[in-house]
Amino acid sequence: MREILFKAKRLDTGEWVEGYPFPSIAGKEMNRMTVFEPFPGGTVVNTYKIDPSTVCQYIGLKDKNGVKIFEGDIVKHYIDCPINEYSLDFGKIFWHNPTQRYLRTSSTFQSDCKELSDKCKYKVIGNIHDKEE
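In this text, all values refer to a predicted model and were calculated from it rather than measured experimentally.

1. Some remarks on the packing of aromatic side chains
Counted according to the given criterion, the structure contains three aromatic pairs. A ring pair is formed by tryptophan 95 and tyrosine 102, whose centres lie 4.8 Å apart and whose planes are at 70°; its orientation type is edge-to-face. Note on tryptophan 95: relative accessible area 34%, which makes it partly exposed. On the basis of relative accessibility, which here comes to 11%, the residue tyrosine 102 falls in the buried class. The side chain of lysine 7 reaches across the aromatic face of tryptophan 16, ending 4.4 Å from its centre. Against the face of tyrosine 58 rests lysine 68, its NZ or CZ located 5.7 Å from the ring centre.

2. Considerations on the side chain of aspartate 63
Within the secondary structure, aspartate 63 is located in the loop between strand S5 (56–62) and strand S6 (68–70). Here aspartate 63 occupies a buried position and makes no salt bridge, while the nearest side chain of opposite charge, lysine 123, is found at 7.2 Å. One polar contact links the side chain of aspartate 63 to the main-chain amide nitrogen of asparagine 65, over a distance of 2.8 Å. When neighbours within four sequence positions are excluded, aspartate 63 is seen to be in contact with Ile69, Tyr122, Lys123 and Val124.

3. Details of the sheet that holds strand S2 (residues 16–23)
Picture the strands of a sheet paired through backbone hydrogen bonds; they go either parallel or antiparallel. Spatially, the six strands line up as an open sheet ordered S4-S3-S2-S1-S5-S6, and their pairing is antiparallel. Edge strands, defined here as strands with exactly one partner in the open sheet, are strand S4 (42–49) and S6. Within this sheet the neighbouring strands show an average axis-to-axis angle of 50°, counted without direction.

4. Description of the pairing of S5
Where burial is concerned, most of S5 is hidden: five out of the seven residues are buried. In terms of strand pairing, strand S1 (residues 6–9) meets S5 through two bridges, oriented antiparallel. Residue lysine 7 lies in a different strand from S5, and its bridge partner there is cysteine 56. Across two bridges, the pairing between S5 and S6 is antiparallel. Its bridge partner lying in S6, tyrosine 58 is registered against phenylalanine 70. Two successive antiparallel strands, S5 and S6, enclose a turn made up of five residues, where glycine 66 displays a positive phi of approximately 85°.

5. Topic: the sheet that holds strand S11 (residues 121–127)
Read from one edge to the other, the open sheet built from five strands follows the order S10-S9-S8-S7-S11, with strand pairing classed as antiparallel. At either end of the open sheet lies a strand with only one pairing partner, and these are strand S10 (114–115) and S11.

6. Here's the deal with the pairing of strand S8 (residues 88–96)
As judged from the five bridges shared by strand S7 (residues 73–78) and S8, these two strands associate in the antiparallel manner. By the bridge assignment for S8, histidine 77 is matched with aspartate 89. Direction of pairing for S8 relative to strand S9 (residues 101–104): antiparallel, over a ladder of four bridges. If you follow tryptophan 95 over to S9, its bridge partner there is tyrosine 102. In this antiparallel pair of consecutive strands, S8 and S9, the connection spans four residues, and glutamine 100 shows a positive phi of 55°.

Reading guide: rules and limits
Residues numbered from 1 in each chain as written. Predicted model: local features only at pLDDT ≥ 70, side-chain atom pairs only at ≥ 80, totals over all residues. Heavy atoms only, no water. Phe/Tyr/Trp six-rings, centres within 6.5 Å; stacked < 30°, edge-to-face > 60°. Buried < 20%, exposed > 50% of the residue type's maximum accessible area, 1.4 Å probe, protein only. Lys NZ or Arg CZ within 6 Å of the ring centre and 35° of its normal. Helix = DSSP H or I, 4+ residues; strand = E, 2+ residues; numbered from the N terminus. Lys, Arg positive; Asp, Glu negative; His and termini not counted. Salt bridge = Lys/Arg side-chain N within 4 Å of Asp/Glu carboxyl O. Polar contact = N/O pair within 3.5 Å; in protein donor to acceptor, adjacent residues only side chain to side chain. Contact = heavy atoms within 4.5 Å. Pairing = 2+ DSSP bridges. Axes fitted to C-alpha atoms, helices over the stretch in contact; angles between N-to-C directions.

Listed below in structure tokens is the structure:
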């Protein structure tokens, strides 16, 4: 079973936090995140104000370095292909509602969207909500 987890950017620091979003007022947008953080001797529960437009859900896969992959992440996809220009692809992770699955766009084949697989090698290199420096 896939772990249910989200990440979003904190309003005060702009840093990503992983946890569980909730609204301040019932029926309103998800503008707070409950985060379970390690603390000497246990775990502490913190709540942060978040930017609701940055909420991304964990897709249940990790990249080649053990980093969790979330909706909205930009990944390098290492393809086992003898033609060098096709052996590395970049794409954004998104939820495809008609097929009820997460897909990845392709920088190599613009009209092609691939399903993600735990048999492929990915590396998270950013997120669509990160500002370019």
